[in-house]
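These are the residues of each chain, in order.
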Amino acid sequence: MKYFSKILVVVVFIASVTFTLTSCNYEPKKSELEKSDIVIIYTTDVHCGIDDNIGYASLSAYVKRTKALNENVTLVDAGDAIQGSLIGNVSKGKYIIDIMNELNYNLYVLGNHEFDYGLDELKNRISEFKGDVISCNISYTGQNENKLSEVKPYSIVDYGFAKVGYVGVTTPSTTTVSTPSTFKENDETVYSFAGNNLFEVVQNNIDECHRLGCKYVILVTHLGYTDNYSPNSSPELIANTTGADAVIDGHSHQMLPCNYYKNKTGDLVPLCTAGYKMNVIGRITITKNGDIHLGVISSYPDKDEIIESKIAEISDKLAEKTNQVVATNDLSLSLYDDAGIRMARNREIGLGDLVADSFRNILGSDIAFVNGGGLRDNLKSGELTYGEIRNVLPFENTLCIVKASGQQILDYLEFVSRKTQSEYSDGLKAVGENGGFAQVSGLKYTIDTSIESSVVTDNTGAYVSIEGQRRVKDVMVLENGQYVEIDPNRQYTITATNFILTEGGDGANMFMDCEVIAKNVMLDSEALIKYIVDVLHGNLKDLYENIGNRITIE
């Protein structure tokens, strides 16, 4: 394991171009670098943010400038690049892969959202990508075609003075947070992600890279680094392995220049992540004398004209569709509070009330659910284009209706509330987040956070049972304009996406055997458009300026 002798935070200047780099190590000055040192530039959770924040054009300009100064530059993405907005949905991720190829990305790790368009489309994207797609913990046990056969467990790059092994890791929760049926043949799950033995699988690949002559091993993971991603978070991976020199992690959507965690033998291993939609660019430098420097670039003004042209070409293809005004409304609704802390995954929000109401109203059910992780953008006031509404609900999920018992609904609410805490933030970031947290319509209830969750899940995070006191109480169902106590034995109709009701998405598998009343009725975004236009006539203020107090947290 390499130890870091120099710790400093600096602002770096390259020629006439200025960019800011912060780190818990330090970025060496140009005079301290040799042309043959190794520079690893990385992105995480870009989610189709092609020109958000720094954007691909500035990333390309930065990479080209770095390559002009150094011959050993590797460009890496840690997953969830091809999904997240209309540009991904319309092309099933192809437009993003085209741009990544223009930038000459060398390595690409599969995140959970790479699977959202299905395995046939993912197979095509993997084939189209000109670098190596890596993930060491994917296995296939089916009898048909392994559509992920081109995915490599690791990639070894020889830089002359040292070989570096890059080991890819995809979150084991992929089979539940993406559409579960994607991974099945004849109703049997045939693709898995080493949920039971992730640490062992990764260790075997680290060891193999060292046996093949790698002086350094970098783990490129899509696991998440906060407690929300336990038991397979990136810090837990570090704690249960040895031989990795650094970890580049995605999935958390939070920027971390680097933090140190002890590995299995007590050595410190740096972990870093580059946030969401390229709000920063990550950089690791490995010098010939063995120092490892880590940090993130928070701004870079130059743009690559070739990439700008490519993005403009793609944008023109989408313009006719995305720029069509389909609704007008009088209220902006956000996923975040005034301090910029995301609330959609741990608290009721007005946007969640609106979307859930649109599902229930348009399809005429008793109850509707929206998973907080399915809401991906704010809703502005004024004219709304097709593209802007689709960005709120970017997954192209279809709505369906099932009949479920009151008991199944109670189990669902308990399951999706298992991580909720009394406060939604610690002042700096959201806490107690869960992508499956339910925004609801036709229901109201209380979550008692003084009661520890007794929900039992399997190793992928899927629901198994409830083995103790419940924290969800006072559950009421809206009937004829009045809230009445839910009846565990009664059947209710529920509208939600196929992801939740028929696919067991986010691990919520309690509805999968329910009677299906209507399947694949319409896209979720289409229901939202119809509700805003045909039912509300653009008047959102009366109902949604204040949240509906449907979920009380105490």
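This text goes with the structure placed above it.
Residues numbered from 1 in each chain as written. Predicted model: local features only at pLDDT ≥ 70, side-chain atom pairs only at ≥ 80, totals over all residues. Heavy atoms only, no water.

Undergrad: How would you sum up helix 3 (residues 94–102)? Please name residues and give values.
TA: For helix 3, the buried fraction is high: 7 of the 9 residues fall into the buried class. Those residues of helix 3 not exposed but buried are Tyr95, Ile96, Ile97, Asp98, Ile99, Met100 and Asn101. For helix 3, the secondary structure elements touched by its buried residues are helix 1 (55–69), strand 4 (72–77), helix 2 (86–91), strand 5 (107–109), helix 4 (119–128) and helix 8 (305–322). Two residues or fewer past helix 3, Asn104 is found with a positive phi of approximately 60 degrees. (Buried < 20%, exposed > 50% of the residue type's maximum accessible area, 1.4 Å probe, protein only. Helix = DSSP H or I, 4+ residues; strand = E, 2+ residues; numbered from the N terminus. Contact = heavy atoms within 4.5 Å.)

Undergrad: Account for the sheet that holds strand 30 (residues 515–518), with residues named and values stated.
TA: The 5 strands lie next to each other as 23-20-29-22-30, forming an open sheet whose pairing is mixed. Where the open sheet ends on each side, the last strands, each with one partner, are strand 23 (438–441) and strand 30. Between one strand axis and the next, the sheet turns by 30 degrees as a mean value, whatever way the strands run. Inspection of the sheet shows strand 20 (residues 367–371) paired to strand 29 (residues 491–497) by 2 bridges, in the parallel sense. Pairing of Ile367 across the sheet is with Ile494, part of strand 29. (Pairing = 2+ DSSP bridges. Axes fitted to C-alpha atoms, helices over the stretch in contact; angles between N-to-C directions.)

Undergrad: I'd love a proper account of helix 13 (residues 524–535), names of residues and values included.
TA: Taking 1.5 Å per residue, 12 residues should reach 16 Å; helix 13 reaches 16 Å between its end C-alpha atoms and fits that length. Of all the residues in helix 13, the buried ones are Asp524, Ser525, Ala527, Leu528, Ile529, Tyr531 and Ile532. In the stretch just after helix 13, His537 is the one whose phi turns positive, near 50 degrees. (Expected span 1.5 Å × (residues − 1).)

Undergrad: Hey, could you go over the sheet that holds strand 28 (residues 482–485) for me, with residue numbers and the actual values?
TA: In a beta sheet, neighbouring strands pair by backbone hydrogen bonds and run either parallel or antiparallel. Taken together, 4 strands build an open sheet; the order of strands is 28-27-24-31 and the sheet is mixed. Across the chains shown, the open sheet's two edge strands, defined by having one partner strand only, are strand 28 and strand 31 (551–553). Averaged over neighbouring strand pairs, the angle between their axes works out to 20 degrees when direction is ignored. The pairing of strand 24 (residues 443–447) with strand 31 spans 3 bridges and is parallel. Following the sheet pairing, Ile447 is matched in strand 31 by Ile553. Helix 11 (residues 406–416) contacts strand 24 and strand 27 (472–479) of the sheet and is inclined by roughly 125 degrees relative to strand 27.

Undergrad: Talk me through the side chain of Arg471; I want residue IDs and the actual numbers.
TA: Position of Arg471 relative to the elements: it lies in the loop between strand 26 (463–466) and strand 27. For the buried residue Arg471, which engages in no salt bridge, the nearest side chain bearing the opposite charge is Glu414, 5.2 Å off. Only 2.9 Å separates the side chain of Arg471 from the backbone oxygen of Ile451, close enough to count as a polar contact. With residues near it in sequence (within four places) discarded, Arg471 still touches Glu414, Ser417, Arg418, Lys419, Thr420, Thr446, Ile447, Asp448, Thr449, Ile451, Glu452 and Ser453. (Lys, Arg positive; Asp, Glu negative; His and termini not counted. Salt bridge = Lys/Arg side-chain N within 4 Å of Asp/Glu carboxyl O. Polar contact = N/O pair within 3.5 Å; in protein donor to acceptor, adjacent residues only side chain to side chain.)

Undergrad: Can you tell me about the pairing of strand 4, naming the residues and giving the values?
TA: The buried fraction of strand 4 amounts to 6 of the 6 residues, a majority that puts the element mostly inside the structure. The side-chain alternation of strand 4 yields two buried faces, one formed by Asn72, Thr74 and Val76 and the other by Val73, Leu75 and Asp77. Regarding topology, helix 1 serves as the crossover connection from strand 3 (residues 38–43) to the parallel strand 4, and that connection is right-handed. Here 2 bridges tie strand 4 to strand 5, and the two strands are oriented parallel to one another. Bridge pairing links Asp77 to Tyr108 in strand 5. (Right-handed = clockwise from strand over helix to strand, strands pointing away.)

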